[in-house]
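Remarks on the overall topology
Here are the chains, one letter per residue:
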2 protein chains.
Amino acid sequence: MAEENALENAPAQSIPERPKEAAQAGAQPAAEGEKGPSKAALKKAAKEKEKAEKAAKRKAEEEAKKKADEANDVSREDYGELPMLGSNDYLPSNVPRVRLAQIAEQYSETTPMDEAGGPEIKFRATVENARVQSAKLAFLVFKQSSETIQAVVAASETLSRQMVKFCGGIPTESTVLVTGIVKKPKEAIKSCTIGHLEVHIKKLYIESRAEVLPMQVADGERPLPAEGEEQPEEGGPIVTLNTRLTHRVIDLRGKHNRAIFRIKDGVVSLFQEYLRSQGFVGIQTPKLLGAPSEGGSNVFEVKYFNSKAYLAQSPQLYKQMLISAGYERVMEVCPIFRAENSNTARHLTEFTGLDLEMEFEEDYHEVVKVLEDLMLYIFNGLKTKYKKETELIRSVYNVEEFKLPEAGAVPRIPWTEGIQMLRDDGLEIGDYDDLSTPDEKRLGALVLKKYGTDFYVLDKFPLAIRPFYTMPAHDSPAHSKEPVADPNAGYSNSYDFFMRGQEILSGAQRIHNAEFLCKRMREHVTPVDPNSDGLRDYVNSFRYGCPPHAGGGIGLERIVMLYLGLPNIRLASLFPRDPGRLVP
Amino acid sequence: MAEENALENAPAQSIPERPKEAAQAGAQPAAEGEKGPSKAALKKAAKEKEKAEKAAKRKAEEEAKKKADEANDVSREDYGELPMLGSNDYLPSNVPRVRLAQIAEQYSETTPMDEAGGPEIKFRATVENARVQSAKLAFLVFKQSSETIQAVVAASETLSRQMVKFCGGIPTESTVLVTGIVKKPKEAIKSCTIGHLEVHIKKLYIESRAEVLPMQVADGERPLPAEGEEQPEEGGPIVTLNTRLTHRVIDLRGKHNRAIFRIKDGVVSLFQEYLRSQGFVGIQTPKLLGAPSEGGSNVFEVKYFNSKAYLAQSPQLYKQMLISAGYERVMEVCPIFRAENSNTARHLTEFTGLDLEMEFEEDYHEVVKVLEDLMLYIFNGLKTKYKKETELIRSVYNVEEFKLPEAGAVPRIPWTEGIQMLRDDGLEIGDYDDLSTPDEKRLGALVLKKYGTDFYVLDKFPLAIRPFYTMPAHDSPAHSKEPVADPNAGYSNSYDFFMRGQEILSGAQRIHNAEFLCKRMREHVTPVDPNSDGLRDYVNSFRYGCPPHAGGGIGLERIVMLYLGLPNIRLASLFPRDPGRLVP
């Protein structure tokens, strides 16, 4: 009974045709200022009139035929366009709907099924593909979540050719409601994720019709060339990343994108899950600041009523203030804003930070251990829970399996050892020089060779290349009570974590003593003023008793990009922001 | 052996005394222009000289005594100030440390313990209180996480009076390292969370000394008067909210604040946990927008390189665009920015949104059901997992137990019924009038009386008071194909969720059809332009097939405030932002 309501809602409609304007072609008035019509002109007019009458007649005949066809259409209530759900014309059917993934599991490859097929099912899907094979046969591919299935519409005594035509002509990406019988195809359908079943359509209604797409979903499923490789031309036959990002809502429909963003959420959820199990509390620190805090150069300025505010470049200072307030172990997942005018494949002006900070007892390696275990938990979680999604992406971007060490056996390579490995490999480099990106990758290869892992820690970075709040190593001249030639020489209690020679996490023990912090702020290679508006409260928070602490920050998009081997960080952001892009 | 290292690091130091300047009191030069000294003056000078010599002698004697005392101090290596952890002077001891909560559990009230006491333990703590009772006895209260414990320092043959004096004088809020014996006190100590144990101190070192606090932690633990009640005067004896927020890092140390922010993270974690179990995927939508999207009035403007950007007022449009892109069920926990110049107890310019959006099959009440179950899951989770914290807050802000309906039995009150209840109670109100805050609270009381629950849903709000993207109810004139007098009359498929008559969640079915959306944008009571820069991409995303969907948004700070009965929303934000406050 309820199903009948849906039928009433679904009058058969073929795809609307553009109004034919040919009939009015001869009706233009003669240009002004001309004399009365000539003989030739009269003859021409008569001819055109006759032509118009013929066209009108033909149109009327066509319409009559269409009406008759519709009247004779045995399927006329089984297809068409549904009224908008929510409008007065739409009546709910209340027929239960199924998930294709469940059906595929329920009727597996080994389930016996005779020629009559399995059950009749109803489901909503998106049309990935529709084509008319002949007047009597059309094929469609439906997608629902990450599953795709083939469907057949075959004309019969109970299914009209009109319906076949309608189904085969449904625009790609339309949302449809399907009723059909599940059957086994003669051969497995390799192009669909559910290859061992197909749907024989009995009813098909368009729920939300797609207009002509400005790009195809499949365009977004092609792999992007790596940085440095030849890029497709703007406006050329191959859709560029720029076009994909402009039409991001279509681009995101691609199955690779869906997999990327499932994995991205997987990283977030594994991060939170592990840290909550270790006693961390999630926090929300302000993104609107009264003054720039971490150097004024890369900060966005905000009009704040009659004053100015600045967007937080990281939760660093606030995480530490909460440690000083006794919050022991804190974490935050939040947007990070960087006003860096860089247009590379690695920079975004807005990205997501996975941040944490914690007290430790005596040695900052206690924190390094927590971070190592966290990262291993994430990598192992991705491996087991997101295997399918990872394999899908790796089928496009050929990246080797990521080699992991055992828990507790992550190599912690002191900076001096890392430098020695590079020197032994022929690199000329100073003791305190920062590593370039190629140097880092070279070291990654050496570490893989020596330790058999793609994941490792580089420990005790030179003090001079770390931020002012970094604790100098115990034997650093910065700790000297006597004046020293270079207080920025030596090393620090800081570390970076690497994946295949690329940094994914940066962290350190922080200075928890206000006086020493002020000293370091003044003598840092880029000095900052401890009394400035952006830093005063931060510095003061260490005057009221603060335990030793360390922490780190992970760029979420970066970890997704490196884990999957994506050639551009924009691919790891739903709606990426860079100096040239603020839409959609 | 290792412990000995720590001893070497901890030379006995008493609290540094201010340098005595009395000895130099007579050394001021005579005023210029005076004649040679008179007899009386000479006599005076001789007297002063004698006085100064006596003072110097006394001082020398005191210092000698002090040195002798130190030499005789049997405890001289058992107390003092530790060198900064991380510096060259600090050597780790490697003695394992304990958590007080674990000790309290291990040695419970029923554990037998003789007079010699339990084990010797070492732990880090914050000094909540320290006082010298006599030359031979001092008491301290230590806090660690949410636990407090009393400690005793008693002079004996092996513990010097100097050490008693040092311990009793340690500044409040200093971080200390304690070694002591766990014993049972004669009477339970009511003022501490661990009342059945106390620590008899053997060693005590200051790890991070607190300076004089600008406010006491206890000041922040006093309840704040409710809005409308008399507020303390600025600069008066009672610390105002403003002062607390200025010294927020100290204020946050209070046990009530710690409880509030544990509960706040509890809400986030329950929200994510439930929705992930229901197949929702977490998303990160951009906070930097190319154009204001939801009305231009309350939006913050950002300087974006040579152009302008705007801070997102909600993830609303992006959530929907992702539904259109086939993401089915999405959620986001993110900062929300509102440039509203309101200085009330209920407004913040930056707060945290808990947002979700999902596809449904035929009726938006499918989504209402998910939202009801989500809220019940959160409330029940808070009740079981955060009982202790909730009770602590409720002991200060007397709020009655929150009455919940059974799952699946949340009253869904149609707007018309709500209005009728209010009219029956004597309120004069039009059919489509919005409810004022007092009206809402009045309705909350009526609902509690009728349905016995503090939690309920008000359904089918008047169309005119909801945003442009709200789906009109099926019988609304907005769906009429003929021109109508007032397309904004009638109701909509929208809902608010209430706690004790105050809104906590707002949501609706959204329009998923581009043409109808454009129509509603133009004819809305506050019309917007579908072709504007901020809305074009949003509108277009519904042109490529989009399933029906609905969702909702929850203000995180609001739910914490209402659940705990806090009188000001600032108390539910770590570092609140309002038109007048951007620091700390």
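Residues numbered from 1 in each chain as written. Chains lettered and ligands numbered in written order. Predicted model: local features only at pLDDT ≥ 70, side-chain atom pairs only at ≥ 80, totals over all residues. Heavy atoms only, no water.

1. Here we look at the domain arrangement of chain A
Convention followed: Boundaries of every domain are those given by an automatic assignment or by a domain database.
Domain assignment breaks chain A into domain 1 (100-208) and domain 2 (255-572). Domain 1 of chain A and domain 2 of chain A are separated by 49 Å when their C-alpha centres are compared.

2. Description of the relation of the copies chain B and chain A
Quick note on the threshold: A least-squares superposition brings the copies together, and it is based on the C-alpha atoms of residues with pLDDT no lower than 70 in both. Should any heavy atoms of two residues lie within 4.5 Å, those residues are counted as being in contact.
Once chain B is rotated about the relating axis by 180 degrees and shifted along it by 0.1 Å, it coincides with chain A to within an RMSD of 0.5 Å. Between the two chains, the operation in question is that of a two-fold axis. Measuring from the rotation axis to each C-alpha of chain B, the shortest distance belongs to B:Val302, at 2.4 Å. The share of interface residues of chain B whose copies in chain A are also at the interface is 100%, consistent with both copies meeting through the same surface.

3. Let's talk about the interface of chain B and chain A
What counts here: Note: buried area is the sum, over both parts, of the accessible area (probe 1.4 Å) each one loses when the two are combined. In what follows, salt bridge is the name for a side-chain nitrogen of Lys or Arg lying within 4 Å of a carboxyl oxygen of Asp or Glu. In protein, a polar contact means a hydrogen-donor-capable atom and an acceptor-capable atom, both N or O and within 3.5 Å, with residues adjacent in sequence counting only if both atoms are side-chain atoms; elsewhere, any N or O pair within 3.5 Å suffices. By definition, any uninterrupted DSSP run of H or I lasting at least four residues is a helix, any uninterrupted run of E lasting at least two residues is a strand, and each is numbered from the N terminus. Two strands are said to pair when DSSP picks up at least two bridges between them.
At the interface, 111 residues of chain B touch 111 residues of chain A. Per-residue buried area on chain B facing chain A is highest for B:Gln284, B:Glu362 and B:Tyr544; these three make up 9% of the total on that side. At the surface where chain B touches chain A, the tally comes to 16 salt bridges. Of the charged contacts in the structure, one is a salt bridge between A:Arg276 and B:Asp265, with a shortest N-O distance of 2.9 Å. Linking chain B with chain A are 64 residue pairs in polar contact (both at pLDDT 80 or more), by the criterion used here. Ranked by residue count, the leading element in the side of chain B that touches chain A is helix 7 (residues 255-277) of chain B, at 10 residues. Two elements, strand 9 (residues 301-304) of chain A and strand 9 (residues 301-304) of chain B, share three bridges in a ladder whose sense is antiparallel. Opposite A:Lys303, over in strand 9 of chain B, you have B:Glu301 as the bridge partner.

4. Some remarks on the sheet that holds strand 10 (residues 307-311) of chain A
With respect to topology, six strands assemble into an open sheet ordered 8(A)-10(A)-9(A)-9(B)-10(B)-8(B), the strand pairing being antiparallel. The open sheet has two edge strands, strand 8 (288-289) of chain A together with strand 8 (288-289) of chain B, and neither has a second partner.

5. Some thoughts on the sheet that holds strand 11 (residues 329-337) of chain B
Hydrogen bonding along the main chain pairs the strands of a sheet, whether they run parallel or antiparallel. Residue and element names in this part refer to chain B. Put simply, the test is: Note on method: axes are straight lines fitted to C-alpha atoms, helices fitted across the in-contact stretch only, with angles between N-to-C directions ranging 0 to 180 degrees.
Pairing within the open sheet is mixed, and its eight strands lie in the order 7-11-12-17-16-15-14-13. At either end of the open sheet lies a strand with only one pairing partner, and these are strand 7 (281-282) and strand 13 (412-414). As defined by bridge partners, strand 14 (residues 455-459) adjoins strand 15 (residues 494-499) across five bridges and the pair is classed as antiparallel. Looking at strand 15, one finds that leucine 458 is bridged to aspartate 496. Where helix 9 (residues 365-385) meets the sheet, it contacts strand 12 (350-359), strand 13, strand 14, strand 15, strand 16 (502-510) and strand 17 (549-555), and its direction lies at approximately 15 degrees from that of strand 15.

6. Observations concerning the confidence of the model for chain A
Caution is warranted with low-pLDDT regions, since their predicted coordinates should not be read in detail. Here is the rule we go by: Summary of the metric used: pLDDT quantifies the predictor's per-residue confidence within the range 0 to 100.
The predicted model of chain A has a mean per-residue pLDDT of 91, with 93% of residues at 70 or higher. This complex was scored by the predictor with a pTM of 0.89 and an ipTM of 0.89.

7. Observations concerning the pattern of salt bridges
So the rule is basically this: Only protein chains enter the accessibility calculation, which uses a 1.4 Å probe; a residue whose area is less than 20% of its type maximum is buried, one above 50% is exposed, and one in between is partly exposed.
Applying the stated criterion to the full structure yields 79 salt bridges over all chains. With a closest N to O distance of 2.8 Å, A:Lys319 and A:Asp355 form a salt bridge. On the criterion of sequence distance, the pair formed by A:Lys319 in helix 8 (residues 316-324) and A:Asp355 in strand 12 (residues 350-359) is long-range, its members being 36 residues apart. With relative accessibility at 6%, the residue A:Asp355 sits in the buried group. The residue B:Arg124 makes a salt bridge to A:Glu359 at a minimum N-O spacing of 3.0 Å. One end of the pair, B:Arg124, is in strand 2 (residues 120-134); the other, A:Glu359, is in strand 12, on a second chain.

8. Some remarks on the packing of aromatic side chains
To be explicit about the condition: Two aromatic rings, drawn from Phe, Tyr or Trp (for Trp, its six-membered ring), form a pair once their centres lie within 6.5 Å of each other, and the interplanar angle then sorts them: stacked below 30 degrees, edge-to-face above 60, tilted otherwise.
Applying the stated rule across the entire model yields 40 aromatic pairs over all chains. A ring pair is formed by A:Phe575 and B:Tyr318, whose centres lie 4.7 Å apart and whose planes are at 65 degrees; its orientation type is edge-to-face. You can see A:Phe575 sitting in the segment after helix 15 (556-564) and its partner B:Tyr318 sitting in helix 8 (residues 316-324), one on each of two chains. Here A:Phe575 falls in the buried class, since its relative accessible area comes to 3%.

9. Some details on the pairing of strand 4 (residues 147-154) of chain A
All names here are of chain A. Most of strand 4 sits out of view: seven of its eight residues are buried. In this structure, strand 3 (residues 137-144) lies alongside strand 4, joined through eight bridges in antiparallel fashion. When the bridges of strand 4 are listed, leucine 137 appears paired with alanine 154. Between strand 3 and strand 4, which pair antiparallel and follow one another directly, the connecting turn spans two residues, one of which, serine 145, has a positive phi of 55 degrees. As judged from the three bridges shared by strand 4 and strand 6 (residues 198-208), these two strands associate in the parallel manner. By the bridge assignment, valine 152 is partnered in strand 6 with histidine 200.

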